[in-house]
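# Residue-level structure breakdown
Residue-level listing of the chains:
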Amino acid sequence: MVSEETAVPLAIILRGLPGSGKSHWVTELLVALAAEDAEKVVVCSTDNLFMEQGEYRFDAARLSEYHQRNLAAFIEALASHTPVVICDNTNMARWEFLCYETAARALGYRVERKLIGEPWNSQHQQICAARNRHGVSLEAIRRMAAQFEAD
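From a predicted model like this one, the values you see are computed outputs, not experimental measurements.

### Quick look at the pattern of salt bridges
Evaluated as defined, the whole model comprises 11 salt bridges. Of the charged contacts in the structure, one is a salt bridge between Arg 113 and Glu 101, with a shortest N-O distance of 2.7 Å. Of this pair, Arg 113 sits in strand E6 (residues 110-115) while Glu 101 sits in helix H4 (residues 94-106), and the two are 12 residues apart along the sequence. For Arg 113, a relative accessible area of 27% puts it in the partly exposed group. You can call Glu 101 buried: its relative accessible area is 9%. A salt bridge links Glu 112 to Arg 110; the shortest N-O distance between them is 2.6 Å. On the basis of relative accessible area, Glu 112 is assigned to the partly exposed category, the value being 36%.

What follows is the structure, encoded as structure tokens:
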């Protein structure tokens, strides 16, 4: 993935609706890597901050705080020279991921944006609504998809 001596470190910014498979993509990546390479990856996800005793407990009142904490963790991983840092959030609009991308570039990281699924596709939206683990309704998924800004 990234050779510490020669390659530029990598920041990956995932984009996709809830239920699109972003976290699954991360899991598959980590499983595919050798153990020593997986240790060189830090994943920053606002959703993880809502986990309490193994259960996802969304609290809208804490959303802004948790997004700020997630960004701080992302920047900390960059500043620690972690070879691969991943932002696992929905990032539907440019403003949602711009701070992650700007920080990564400022600290010398190559940035890749990875879209998981097709937010504009109504069939994909239905699949996301059915399989997301956070109880996000189809109506909310459609509202999020309407905010999607292509790269």
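### What about the packing of aromatic side chains?
The final tally for this structure, using the stated rule, is 5 aromatic pairs. Pairing Phe 50 with Phe 58 gives two aromatic rings, centres 5.0 Å apart and planes at 40°, and the pair type is tilted. Taking the centre distance of 5.5 Å and the plane angle of 45° together, the rings of Trp 120 and Phe 148 count as tilted. A residue pair is termed long-range when its members are at least 10 positions apart, and Trp 120 in the loop between E6 and helix H5 (122-131) and Phe 148 in the segment after helix H6 (138-146) qualify at 28 residues.

### Section: the environment of Glu 139
Relative to the assigned elements, Glu 139 resides in helix H6. On the accessibility criterion, Glu 139 (56% relative accessible area) is exposed.

### Some remarks on the layout of surface pockets
Here the largest pocket defines a volume of roughly 890 Å³. Lining the largest pocket are 35 residues; nearest its centre among them are Pro 18, Asp 47, Asn 89, Thr 90 and Met 144. Secondary-structure elements contributing two or more residues to the lining of the largest pocket are helix H1 (22-32), helix H3 (63-79), H4 and H6. The residue makeup of the lining of the largest pocket, split by class, is 13 nonpolar, 15 polar and 7 charged.

Rules of the game
Residues numbered from 1 in each chain as written. Predicted model: local features only at pLDDT ≥ 70, side-chain atom pairs only at ≥ 80, totals over all residues. Heavy atoms only, no water. Salt bridge = Lys/Arg side-chain N within 4 Å of Asp/Glu carboxyl O. Helix = DSSP H or I, 4+ residues; strand = E, 2+ residues; numbered from the N terminus. Buried < 20%, exposed > 50% of the residue type's maximum accessible area, 1.4 Å probe, protein only. Phe/Tyr/Trp six-rings, centres within 6.5 Å; stacked < 30°, edge-to-face > 60°. 1 Å grid on protein atoms, 1.4 Å probe; cavity = no way out; pocket = protein on both sides within 12 Å on 5 of 7 lines; lining within 4 Å. Points joined across faces, edges and corners; volume = space filled by probe spheres on them. Nonpolar A, V, L, I, M, F, W, Y, C, P; charged D, E, K, R; others polar.

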